[in-house]
Amino acid sequence: MNVVVLSGGVGGARFVRGVVDVLSAPVTSVIGNVGDDVEVLGLHVSPDLDSILYALAGLADEKRGWGRSGETWHALETAGALGGEDWFALGDRDLGLHLVRTQALRAGGALSAVTARLAKALGVATKLLPATDDRLRTWLDTPAGTFPFQEWFVARGHRDEVDAVRFEGDETARPAPGVLEAIGRADLILLAPSNPYVSVGPILAVQKVRAALARRRVSCVAVSPLIGGRAVKGPADRMLRRLAGGTSPRHLASCYEGLIDVLVVDEADADDLGGLGRVRPIVARTLMSDADARRRLAEAALGAVPA
Ligand code: FO1
């Protein structure tokens, strides 16, 4: 079964790891968010692609959810002491990847080609595709002003309520090579338990990707990132409350109107399944506390559609 997963970082990366553990790697393609890519200390950082790469390579810091395990921070401390940027924590091991990626991009390589090269070097067999090779960046309109994603998320600790999410470059961004082919070949499409606005949203902002999903002939299963209406981590619940009017499964489903057939929700949300319309709910345990839990959630999503 060819499976395509659309994913952000952290929770999405954990879920992708569960899917790959359940299926064999070559039948899974992952389309990753690049809306939160950022230039720090002159380096191109693709946090969500990297969280997925590290999760699949077994290098992820499981607790933090981003960056590498066994990390040290000497370069960051030195940069800070010298008056350089230290608001975005690049660890020493992580830095090596950003150096290689940045050099390859500056030499004219496309992000998709560089990502494939990094995946191969890390022994990752799963096809990891950035949604686009073109510049696509997420911006947040808040009462305190308009911020690029990482400034709002990391520097300001996502404390500002969000009035609107915008994507710079969405009118012209083309799907990266392989993205439409992966969707076209898929027997099943999964939307990872990622923030629908700032993690999956930027992928769907690539117009041809959204169109390909809208005209799918196979099922699309979204996994809710909320448990009991609350985000496990991050601002998804606050954003849903303000932008969709609530945090119940139907509010989440409304973010994916016309794009999903099944919604996997947590047991804690099983009493709140009204208003889903044509979207079929599946109830599962969605907290990915360890490898078994990740796999069980992946099995629930994969099993949502009879083979
Ligand atoms: N998240 C933070 O909250 N603080 C950081 O300093 C930080 C640094 C960082 C460095 C590399 C990387 O790949 C991810 C990093 N993240 C950090 C996570 C990242 O900002 C977000 O989790 C994602 O962009 C949202 O999916």
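Residues numbered from 1 in each chain as written. Predicted model: local features only at pLDDT ≥ 70, side-chain atom pairs only at ≥ 80, totals over all residues. Heavy atoms only, no water.

## A short note on the pattern of salt bridges
Quick reminder of the rule: When a carboxyl oxygen of Asp or Glu is within 4 Å of a side-chain nitrogen of Lys or Arg, the pair counts as a salt bridge. By definition, any uninterrupted DSSP run of H or I lasting at least four residues is a helix, any uninterrupted run of E lasting at least two residues is a strand, and each is numbered from the N terminus.
Scanning the entire structure with this criterion turns up 14 salt bridges. Between Glu168 and Arg135 there is a salt bridge, and its shortest N-O distance comes to 2.9 Å. Of the two residues, Glu168 sits in strand 8 (residues 164-168) while Arg135 sits in the loop between strand 5 (127-130) and strand 6 (137-142), which places them 33 residues apart along the sequence. Arg156 is paired through a salt bridge with Asp160; the nearest N and O atoms lie 2.9 Å apart.

## A few points about the site of the ligand
Worth spelling out the cut-off: Each residue is tested against the molecule or strand, and it is near if at least one of its non-hydrogen atoms lies within 4 Å. Here a polar contact means two N or O atoms within 3.5 Å. Within protein one must be a hydrogen donor candidate and the other an acceptor candidate, and residues neighboring in sequence count only if both atoms are side-chain atoms. All accessibility values rest on the Shrake-Rupley procedure with a 1.4 Å probe; residue burial counts only the protein chains present in the view. A pocket, in this scheme, is an open set of points on a 1 Å grid over the protein atoms alone with protein on both sides within 12 Å along at least 5 of 7 lines, while a cavity is a set where a 1.4 Å probe fits but cannot get out; residues line either one if an atom lies within 4 Å of a point. Molecules are considered to sit inside a cavity or pocket once more than half of their atoms lie within 2 Å of its grid points.
In the vicinity of the ligand there are 15 residues, among which Asp36, Asp48, Phe88, Ala89 and Gln150 approach most closely. Side-chain polar atom of Asp48 to an oxygen atom of the ligand: 2.7 Å apart, as the coordinates give it. Contact between the ligand and Gln150: an oxygen atom at 2.9 Å from a side-chain N or O atom of the residue. Starting from 530 Å² of accessible surface for the ligand in isolation, the protein chains cover 88%. Structurally, the ligand is housed in the largest pocket.

## With respect to the packing of helix 2 (residues 47-57) against helix 4 (residues 92-106)
Inclusion rule: Simply put, an axis is a line fit to the C-alpha atoms, just over the touching stretch for a helix, and the angle between two N-to-C directions goes from 0 to 180 degrees. These descriptions rest on fixed angle ranges, namely under 35 degrees for roughly parallel, over 145 for roughly antiparallel, 65 to 115 for roughly perpendicular, and the rest for oblique. With the far helix as reference, a near helix turned anticlockwise by less than a right angle produces a left-handed crossing, and one turned clockwise produces a right-handed crossing. By definition in these notes, contact holds between two residues if any of their heavy atoms fall within 4.5 Å. All amino acids are sorted into three groups, where Ala, Val, Leu, Ile, Met, Phe, Trp, Tyr, Cys and Pro are nonpolar, Asp, Glu, Lys and Arg are charged, and the leftover types, Gly among them, are polar.
At a minimum axis separation of 12 Å, helix 2 and helix 4 run at an interaxial angle of 120 degrees. If you check the angle between helix 2 and helix 4, you find them oblique. Two packed elements cross with a definite hand, and for helix 2 against helix 4 that hand is right-handed. Contacts between helix 2 and helix 4 involve Asp50, Leu53 and Tyr54 on the former and, on the latter, Asp94, Leu97, His98 and Arg101. A per-class count over the contact of helix 2 with helix 4 returns 3 nonpolar, 1 polar and 3 charged.

## Quick look at empty space enclosed by the protein
The test is simple: Grid points are joined across faces, edges and corners, and a volume is the space filled by probe spheres set on the points.
Throughout the structure, instances matching the rule amount to 2 cavities of 30 Å³ or more. Empty space within the largest cavity amounts to approximately 100 Å³. As for the largest cavity, its lining consists of 13 residues, and the residues nearest its centre are Arg14, Ala55, Ala60, Glu62 and Gly65. For the lining of the largest cavity, the elements supplying multiple residues, two or more each, are helix 1 (11-22) and helix 2. Here the element with the most residues in the lining of the largest cavity is helix 1; it accounts for 3 residues. The residue makeup of the lining of the largest cavity, split by class, is 5 nonpolar, 3 polar and 5 charged. Of the volumes computed, that of the second largest cavity is approximately 30 Å³. Lining the second largest cavity are Ser224, Leu226, Thr247, Ser248, Pro249, Leu252 and Asp269.

## A word on the layout of surface pockets
The calculated volume of the largest pocket comes to roughly 1000 Å³. Of all the secondary structure elements, the ones that give two or more residues to the lining of the largest pocket are helix 1, helix 2, helix 4 and helix 6 (149-155). In terms of residue count, helix 2 provides more of the lining of the largest pocket than any other element does, 5 residues in total. Of the residues that constitute the lining of the largest pocket, the class distribution is 21 nonpolar, 16 polar and 10 charged. Taken as a whole, the second largest pocket holds about 260 Å³ of empty space. Considering the residues around the second largest pocket, the lining is formed by 13 residues, among which Glu257, Gly258, Leu276, Arg278 and Val279 are closest to the centre. Residue composition of the lining of the second largest pocket, grouped by class: 5 nonpolar, 4 polar and 4 charged.

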